[in-house]
Protein chains: 2
Amino acid sequence: MKKIINNPENVVNEMLEGIVKAHPKYVRRIEGTDVLVRKTSPIKGKVALVSGGGSGHEPSHAGFVGKGMLNAAVSGEVFTSPTPDQVFEAIKAVDGGKGVLLIIKNYTGDIMNFEMAEEMAELEDIKVKHVVVNDDVAVEDSTYTSGRRGIAGTILVHKIAGAAAEEGMSLEDVQRIAQKVIKNVRSMGMSLSSCIVPAAGKSSFELEEDEMEVGLGIHGEPGTHREKIKKADEITKELLDKILEDIEIKKEDEVAILVNGLGATPLMELYIMNRHLHKLLNDKNIKIYNTIVGNFMTSLEMAGASITILKLDDELKQLLDSIADTPAFKNI
Amino acid sequence: MKKIINNPENVVNEMLEGIVKAHPKYVRRIEGTDVLVRKTSPIKGKVALVSGGGSGHEPSHAGFVGKGMLNAAVSGEVFTSPTPDQVFEAIKAVDGGKGVLLIIKNYTGDIMNFEMAEEMAELEDIKVKHVVVNDDVAVEDSTYTSGRRGIAGTILVHKIAGAAAEEGMSLEDVQRIAQKVIKNVRSMGMSLSSCIVPAAGKSSFELEEDEMEVGLGIHGEPGTHREKIKKADEITKELLDKILEDIEIKKEDEVAILVNGLGATPLMELYIMNRHLHKLLNDKNIKIYNTIVGNFMTSLEMAGASITILKLDDELKQLLDSIADTPAFKNI
């Protein structure tokens, strides 16, 4: 297993220690947990955002803890949902009296555990609401999901709902805005290679040397089909077409786009995809308001990429533009 | 060849188009060249910084064009020095009357071509100086170098010299500060796998399934030796020990550290290295003033990492702390 790790059982704990050492101005760890919270928590008078899920998607989710995005990130084992008690610890640590919004990606385990934590918090009179991100248009139902999966579009939910919370909006309003982003965001990905979960020690699946998998999930769940590798422009079109089958985006509509790498794909290739994505949207007279390119929702060392399209309105544009200051996403 | 590209001959051009589409607030391209400059260029009354080199190291170098870092980045073909005329175009586009500093990594081709551009600029009465970054302690002389190679430490030269230029310092002062960073910075890397140069279509070298190469260069040049993969903590110690053989860092000295990924190594592994690097320096009573973790000087989809240590003084600390706003490095 070609990894720079110590004991596979300790990767999450050691990673979290390394994150806190790297970003002490942003985050601290709640002792005895795998929860990272903003260094100054709780923040009185503002809604707090809690996200999380299995590890192995770095910089998601701990990399987005900071001003204008998350108040806490809860890390499960690699590709494994965090337990309810850990999510509950996060909620207690960040609630500043105005309530807590949980941002959950649509995986069965995550939903069950985050909802249990929500119930535990309500018993202690903490106001909690949640939203479920399900941006992946690839498949309905999958290995770990009922309905569409949540993938890279989650970053835009963090950014925009985080901005709403930063502005001092009520829990109901922050939830409404997060729901609006979820309603308007779609993603579609593909992969060129698998990854190795440290505790498993071997590849999650195998692809032939000339093969790619379209619609693959961020834990290696099957996608829609396998096919021969195509050119970057063809791949980009295939992903975009699938998205546009699922959501109506009309001429003159404004969108934000995110070209996200899964871990091992060079930035060079993401930029080459971005180039053609701009051309395709431009040809359709869809206006690109904002472009984000990079590794935000990864799958360890998997090679591949996803495209995310978010349909914007004035409210979402203003919140997307506002300041964010986190280890992995900064908007000055 | 598992890559998301179109024609291998067009990767640099298409990547640059994709970068400009992604970051229009930061950069524009000088027509007919592979030079990206700050959107507002030239800036009157400030020294301008020009860096560059072969492509394939993204986000180096175009990702660092912006406030507080570079004024221009010149991209050669993959792992190939840019030509003198391209560097000359960059110099002309960014000179704001106060002179231009070229930041060159120590590779024979880069030095030759950047120095020729410097001579071309001087014939047109543009004040130009240069510095040569040679932070890699792995080997003296290599496939493409006489003396030590320039690798990830270059990022810290960009940051600190860029801050000096932003403050309005003279060309001589900005050069002096860049030289001070170069004198005080050392790096050492290792690799778990090779990468594929698009035009070559096959791996630059092969490593056995249980092997790593220590001291490997960012173009796949040989390092000091190959050995069995060790645990992350052992690798981290081996890299740090080699650095500390080369530069004297005493108790109570303050340093900045950079744990840099080569492209395909998950952030998880970089943070695990960072954790132990903090412990090792802490055990030696060396004070860590600043930590940077991420993919900054990559080698396409190579798996591996490097450690960089920069010895600081008050002047360097203040410049390291100042604001930077570029696509790939932001300091708020």
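The preceding data block contains the structure.
Note that the structure is predicted; figures quoted are calculated from it, not measured.

Asks: Give me the lowdown on the pairing of strand S10 (residues 254–261) of chain B, citing residues and values where you can.
Replies: Residue and element names in this part refer to chain B. Buried residues dominate S10, accounting for seven of its eight residues. Note that S10 and strand S11 (residues 287–294) share seven bridges and pair parallel. Pairing of Ile257 across the sheet is with Thr291, part of S11. A crossover connection joins S10 to the parallel S11 through helix H7 (residues 267–283); in handedness this β-α-β unit is right-handed. With seven bridges connecting them, S10 and strand S12 (residues 304–311) associate as antiparallel partners. Directly across from Asn260, in S12, lies its bridge partner Ser306.

Asks: Before we move on, can you summarise the nonpolar core with the specific residues and values?
Replies: Counting residues in each nonpolar core, the largest one holds 198 residues, and the members touching the most others are Leu49(A), Val174(A), Ile309(A), Leu49(B), Val174(B) and Ile309(B). Sequence-distant contacts of Leu49(A), defined by excluding residues within four places in its chain, comprise Met69(A), Leu70(A), Asn71(A), Ala72(A), Leu101(A), Ile103(A), His158(A), Ala161(A), Gly162(A), Ala165(A) and Val174(A).

Asks: So, the packing of helix H4 (residues 153–166) of chain B against helix H8 (residues 314–321) of chain B: which residues are in play, and what are the values?
Replies: Residues and elements named next belong to chain B. Contact geometry of H4 with H8 gives a least axis separation of 8 Å together with a crossing angle of 90 degrees. Taken together, the axes of H4 and H8 are roughly perpendicular relative to one another. The segment H4 lies against H8, with Leu156, Lys159, Ile160, Ala163 and Ala164 engaging Leu316, Leu319 and Leu320. When its residues are assigned to classes, the contact of H4 with H8 shows seven nonpolar, no polar and one charged.

Asks: Can you lay out helix H6 (residues 232–246) of chain B for me, pointing to particular residues and giving the numbers?
Replies: Residues and elements named next belong to chain B. Between its terminal C-alpha atoms H6 stretches 22 Å, which fits the 21 Å expected from 15 residues at 1.5 Å a residue. Those residues of H6 lying buried are Ala232, Asp233, Ile235, Thr236, Glu238, Leu239, Leu240 and Ile243. For H6, the secondary structure elements touched by its buried residues are strand S7 (185–191), strand S8 (211–214), strand S9 (225–228), H7 and S12.

Asks: Outline the environment of Ile235(B), supporting the account with residue identities and numerical values.
Replies: With respect to the helices and strands, the residue Ile235(B) is situated in helix H6. Sequence separation between Ile235(B) and Lys287(B) is 52 residues; the distance between their C-alpha atoms is 21 Å.

Asks: Run through the sheet that holds strand S1 (residues 27–29) of chain A, naming residues and quoting values.
Replies: Residues and elements named next belong to chain A. Taken in spatial order, the six strands make up an open sheet running S1-S2-S4-S3-S5-S6, and their pairing is mixed. Pairing within the sheet leaves two strands with one partner each, and these edge strands are S1 and strand S6 (128–133). Across this sheet, the average inter-strand angle for adjacent strands is 25 degrees, counted without regard to direction. As judged from the six bridges shared by strand S3 (residues 48–55) and strand S4 (residues 72–78), these two strands associate in the parallel manner. The residue of S4 that forms the bridge with Ser51 is Ala73. Lying on the sheet, helix H2 (residues 84–94) is in contact with strand S2 (35–38), S3, S4, strand S5 (100–105) and S6; it crosses S4 at an angle near 165 degrees.

Criteria and thresholds
- Residues numbered from 1 in each chain as written.
- Chains lettered and ligands numbered in written order.
- Predicted model: local features only at pLDDT ≥ 70, side-chain atom pairs only at ≥ 80, totals over all residues.
- Heavy atoms only, no water.
- Buried < 20%, exposed > 50% of the residue type's maximum accessible area, 1.4 Å probe, protein only.
- Helix = DSSP H or I, 4+ residues; strand = E, 2+ residues; numbered from the N terminus.
- Pairing = 2+ DSSP bridges.
- Right-handed = clockwise from strand over helix to strand, strands pointing away.
- Core = buried A, V, L, I, M, F, W, Y, C linked by side-chain atoms within 4.5 Å.
- Contact = heavy atoms within 4.5 Å.
- Axes fitted to C-alpha atoms, helices over the stretch in contact; angles between N-to-C directions.
- Parallel < 35°, antiparallel > 145°, perpendicular 65-115°, else oblique.
- Nonpolar A, V, L, I, M, F, W, Y, C, P; charged D, E, K, R; others polar.
- Expected span 1.5 Å × (residues − 1).

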